[in-house]
Amino acid sequence: MSTKLDRLAELAKEERKRQFFSIAHLITPEALYTAFRGLRKDASAGVDGVTYEQYEKDAERNIRQLYEQLKEGKYQAQALRRVYIPKENGKQRPISIPALEDKILQKAMVEVLNAIYEQDFLNCSYGFRPGRGQHQALDEVGRVLCTQPTSWILEIDITAYFDSIVREQLMGMIGKRVSDGSVLQLIRKWIKVGVIEEGQLLVSETGTGQGQTISPLLANIYLHYVLDEWFEEVVKPRLRGVAHEIRFADDGLLRFQYREDAAGGIWTVRRGTRETAGQEARHFRLPRLHVHLRTQPKRKVHSTRADDAQAAPSGPEGDRRMVSKAPARACG
């Protein structure tokens, strides 16, 4: 992290409600070049067809031109290229691939925004954060289950999450920390850009476009407010016992000491009725996030697969599974 980003992080940590109105100047040619060097060399090309290898042949001049376009207000985000990759359940996972220069600019922006939001994100969040990952999340699951009283576990899997984010709500959340008009305008361009699929331009009203470099950070910002902060500040103080959240992107666990906390009053029920865990599927709604709570047949909770890094399932609703008791394991 550069000295300027270090200072930005210090300011964000010192004053948690501080708004930053001038951070666009941190996107320098040097920052863009560093972002370019941090991209995957073998990544698929976007609609422009430009690969890393092609761009690298005259990288300095290309990046200088990109910076001038940005500085003069002429930069335009290009449409995303839609591809599908198979999921282990036989369905297809949609991935939207940005053009190379959009990837560069988004990666540079992520570095700037991370300096701010890493001071805000709670310890329960592990996905797509510097120095954190699935291994640390699994270690925390083991630590909590071995050291904390656990009667019930609520499994979280928010399907179609990247495609379901309400954009205006997201921009309002970002606005709590960032008021730089240039930065907000760029983010709006990226989340509203259309998708090219089978030669047609498709435009949606929701979502951030899974596959964009900035989408994981935006998704974390959204869930920080609607789930992590809410669970910590609103839910936990009202519970009879202790509870714990562990989240990796749009997957996670909520651990409860008592059953009534897991299946009881903190959840607002969609149809005015409530059933206990272990019965047939029912639909629930959280105050800040539409979700689906239901029991499921026993299955393997997670297995490593090649597309885990994408971390964006598809489907119209969220999925929740109530698990009775913690899984048996040796604690050492």
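Bear in mind the structure is a predicted one, so any value in this text is a computation, not a measurement.

1. Brief notes about the overall build of the protein chain
Then comes step 1: Helices and strands together make up the secondary structure of the protein chain, namely eleven helices and eleven strands.
Then comes step 2: Across the 332 residues in the protein chain, those meeting the buried criterion constitute 48%.
Then comes step 3: Taking contacts inside the protein chain between residues at least 6 apart in sequence as the whole, the part at least 24 apart equals 71%.
Then comes step 4: With an accessible surface of roughly 17,200 Å², the protein chain has 49% of that area assigned to carbon and sulfur atoms.

2. A closer look at unusual backbone geometry
Then comes step 1: The phi dihedral of Phe128 is positive, around 55°, even though this residue is not glycine.
Then comes step 2: Its place among the elements puts Phe128 in the loop between α5 (100-117) and α6 (134-147).
Then comes step 3: Of note in this structure, Ala249 is not a glycine but carries a positive phi near 55°.
Then comes step 4: Structurally, Ala249 can be placed in the loop between β6 (243-248) and β7 (251-256).
Then comes step 5: With relative accessibility at 5%, the residue Ala249 sits in the buried group.

3. Considerations on the sheet that holds strand β2 (residues 92-97)
Then comes step 1: As summarised here, the arrangement of the four strands in space is β2-β1-β4-β5, forming an open sheet in which the pairing is mixed. The open sheet terminates on both sides in strands that have one partner only, identified here as β2 and β5 (200-202). The sheet shows a mean angle of 40° between the axes of neighbouring strands, taken without regard to direction.
Then comes step 2: Pairing geometry for strand β4 (residues 195-197) and β5, over three bridges, is antiparallel. Note on β5: the bridge partner recorded for Val195 is Leu202.

4. Observations concerning the nonpolar core
Most often, soluble globular proteins have nonpolar side chains that are buried together.
Then comes step 1: Within the largest apolar cluster, 69 residues are counted, with the highest numbers of intra-cluster contacts made by Ile23, Ile174, Ile187 and Ile221.
Then comes step 2: No other element matches the twelve residues that helix α10 (residues 215-235) contributes to this core.
Then comes step 3: Residues contacting Ile221, with those up to four places away along its chain left out, are Tyr117, Phe121, Leu170, Met173 and Ile174.
Then comes step 4: Membership of the second largest hydrophobic core comes to nine residues, among which are Ala137, Val144, Leu145 and Ile246.

5. Quick word on the confidence of the model for the protein chain
Then comes step 1: Per-residue confidence for the protein chain averages 82 on the pLDDT scale, and 79% of its residues sit at or above 70.
Then comes step 2: Taking the mean pLDDT of every element in the protein chain, the minimum, 39, falls on strand β8 (residues 268-269) and the maximum, 98, on α5.
Then comes step 3: Contacts for the low-pLDDT stretch residues 290-332, under 50 throughout, to residues beyond four places or in other chains number 114 contacts.

Thresholds applied
- Residues numbered from 1 in each chain as written.
- Predicted model: local features only at pLDDT ≥ 70, side-chain atom pairs only at ≥ 80, totals over all residues.
- Heavy atoms only, no water.
- Helix = DSSP H or I, 4+ residues; strand = E, 2+ residues; numbered from the N terminus.
- Buried < 20%, exposed > 50% of the residue type's maximum accessible area, 1.4 Å probe, protein only.
- Contact = heavy atoms within 4.5 Å.
- Areas by Shrake-Rupley, 256 points an atom, 1.4 Å probe, with all protein chains shown as cover.
- Pairing = 2+ DSSP bridges.
- Axes fitted to C-alpha atoms, helices over the stretch in contact; angles between N-to-C directions.
- Core = buried A, V, L, I, M, F, W, Y, C linked by side-chain atoms within 4.5 Å.
- pLDDT = per-residue confidence, 0-100.

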